[in-house]
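Residues per chain are reported as follows:
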Amino acid sequence: MEKSTKQVQFWLCATIILLGLVGCDRLVGNSGNVVERVSDGDTLVVRDTNGQNVTVRFACVDAPEVAHSNKEKQSRRSSDRNQFNWGVRAQERVRELVKQGGDRVNLNITDSDRYGRQVAEVRLRDGTLVQEVLVQEGLAKVYRPYLNKCPSRNLVQQAEAEAKQQRLGVWSDSRFVNPWEYRTFNKIAK
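Residues numbered from 1 in each chain as written. Predicted model: local features only at pLDDT ≥ 70, side-chain atom pairs only at ≥ 80, totals over all residues. Heavy atoms only, no water.

*Asks:* Quick question: what am I supposed to make of the side chain of D40 here?
*Replies:* Tracing the chain through its elements places D40 in strand 1 (residues 33-40). Here the side chain of D40 touches D42 through a polar contact of 2.9 Å, landing on its backbone nitrogen. Looking at D40, its side chain comes within polar contact range of the main-chain nitrogen of T43, at 2.9 Å. (Helix = DSSP H or I, 4+ residues; strand = E, 2+ residues; numbered from the N terminus. Polar contact = N/O pair within 3.5 Å; in protein donor to acceptor, adjacent residues only side chain to side chain.)

*Asks:* Explain the nonpolar core here, please?
*Replies:* A general feature of soluble globular proteins is that nonpolar side chains tend to end up buried together. Formed by 36 residues in total, the largest nonpolar core has its most connected members in L44 and F58. Mapped onto this core, the elements with two or more residues apiece are strand 1, strand 2 (43-47), strand 3 (53-58), helix 3 (78-100), strand 6 (118-123), helix 4 (130-136) and helix 5 (153-166). The element contributing the most residues to this core is helix 3, with five residues. With sequence-adjacent residues up to four places away left out, F58 is seen in contact with G41, D42, T43, L44, V94, V119, A120, V122, V130, Q131 and L134. (Core = buried A, V, L, I, M, F, W, Y, C linked by side-chain atoms within 4.5 Å. Buried < 20%, exposed > 50% of the residue type's maximum accessible area, 1.4 Å probe, protein only. Contact = heavy atoms within 4.5 Å.)

*Asks:* Just to check I follow, could you spell out the sheet that holds strand 6 for this structure?
*Replies:* Working definition: the strands of a sheet are paired by backbone hydrogen bonds and lie parallel or antiparallel to each other. Read once around its circumference, the closed barrel built from five strands follows the order 1-2-3-6-5, with strand pairing classed as mixed. This sheet shows a mean twist of 50 degrees between the axes of neighbouring strands, independent of strand direction. Two elements, strand 2 and strand 3, share five bridges in a ladder whose sense is antiparallel. Paired with V45 across the strands is T55, a residue of strand 3. Helix-sheet contacts for helix 3 involve strand 1, strand 2, strand 3 and strand 5 (104-112), and the interaxial angle to strand 1 is about 170 degrees. (Pairing = 2+ DSSP bridges. Axes fitted to C-alpha atoms, helices over the stretch in contact; angles between N-to-C directions.)

Structure, rendered in structure tokens:
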């Protein structure tokens, strides 16, 4: 009889522990927004808690442009090729970071823009600020016109100063044109 009671207690405890672990995985493993698509180096689409897709523009930074139209993709202008090559690098790095974070991100929404996008600081589940990584690696620049709406402005400014000093990414390219200047010259909406 005592052996039977110990077996029941063992299985009961094992079941409770297993259910607890499954529950924890659901609570922790699924935290954040699911990333549906990385549009470019500073924009992604997430699924919100209502199952709707929301476009999110990264707060604090501006990444190089990627080619969107066929005309842009076929352009042979060196300024276009340079911008788009850096843009693809930034986009790929965001994809890597998102994958590293289990295809989920946590958003700190700071604003919305004229295109209806949510402007947000984007963090991986481990707390890594995606914008800081991009700026640190020279794949984005601090976007000063909206820096006052950026809670992590000190982090990204410090990261940019270090990348610039070390001549990382776009800081190593004397032909690189700032994304906001490139858009102005080429009349591209951001």
